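# Understanding the architecture of this molecule
Here is how the chains run, residue by residue.
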Amino acid sequence: MRKLTVTFVCENRHAVESVTVDLTSRGEVTSDDIWELQTKDCQCKKCGSKIFTYHTRYK
């Protein structure tokens, strides 16, 4: 598992943004680090929501 893919999902379950992080160069990633990966002032284009959760997947 060398890469971590984080998908930010709005409260209405629309996938908004995905970010891939190389763990070999970055090391351990905390929850606070994940929230910093999200684009500032990001909002869902489908419903306008600004409330997000995230899903992680290791590759």
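Residues numbered from 1 in each chain as written. Predicted model: local features only at pLDDT ≥ 70, side-chain atom pairs only at ≥ 80, totals over all residues. Heavy atoms only, no water.

## Quick word on the nonpolar core
In this structure, Leu4, Val6, Phe8, Val19, Val21, Leu23, Val29 and Ile34 together form the largest nonpolar core, which totals eight residues. Contributions of two or more residues to this core are made by strand E1 (3-10) and strand E2 (15-22). Top contributing element to this core by residue count: E1, with three residues. Discounting residues that sit within four places of it in the chain, leucine 4 has contacts with Val19, Thr20, Val21, Leu23, Val29, Thr56, Arg57 and Tyr58. (Core = buried A, V, L, I, M, F, W, Y, C linked by side-chain atoms within 4.5 Å. Buried < 20%, exposed > 50% of the residue type's maximum accessible area, 1.4 Å probe, protein only. Helix = DSSP H or I, 4+ residues; strand = E, 2+ residues; numbered from the N terminus. Contact = heavy atoms within 4.5 Å.)

## Structural notes on the confidence of the model for the protein
For the protein, mean pLDDT is 92; residues scoring 70 or higher make up 100% of the total. When pLDDT is averaged over each element of the protein, E1 comes out on top at 95 and helix H1 (residues 23-26) at the bottom at 88. (pLDDT = per-residue confidence, 0-100.)

## Some thoughts on the environment of isoleucine 34
Residue placement: isoleucine 34 occurs in helix H2 (residues 31-37). A relative accessible area of 6% means that isoleucine 34 is categorised as buried. Residues isoleucine 34 and valine 19, spaced 15 residues apart in sequence, show a C-alpha to C-alpha distance of 9.2 Å.

## A look at the packing of aromatic side chains
If you walk through the whole model with that rule in mind, you get three aromatic pairs. Measuring from ring centre to ring centre gives 5.8 Å for phenylalanine 8 and tryptophan 35, while their planes differ by 45°; the resulting arrangement is tilted. Taken together, the residues phenylalanine 8 in strand E1 and tryptophan 35 in helix H2 connect sequence positions 27 residues apart. Among the residues examined, phenylalanine 8 registers a relative accessible area of 0% and is labelled buried. With a centroid separation of 6.4 Å and 65° between ring planes, the pair formed by phenylalanine 8 and tyrosine 54 is classed as edge-to-face. With a gap of 46 residues between them, phenylalanine 8 in strand E1 and tyrosine 54 in strand E3 (residues 52-58) connect regions that are remote in the sequence. (Phe/Tyr/Trp six-rings, centres within 6.5 Å; stacked < 30°, edge-to-face > 60°.)

## Points about the pairing of E2
Examined bridge by bridge, E1 and E2 share seven bridges and lie antiparallel to one another. Looking at E2, one finds that threonine 7 is bridged to serine 18. Where E1 folds back onto E2 in an antiparallel hairpin, the turn is made up of four residues, including arginine 13, whose phi is positive at roughly 65°. (Pairing = 2+ DSSP bridges.)

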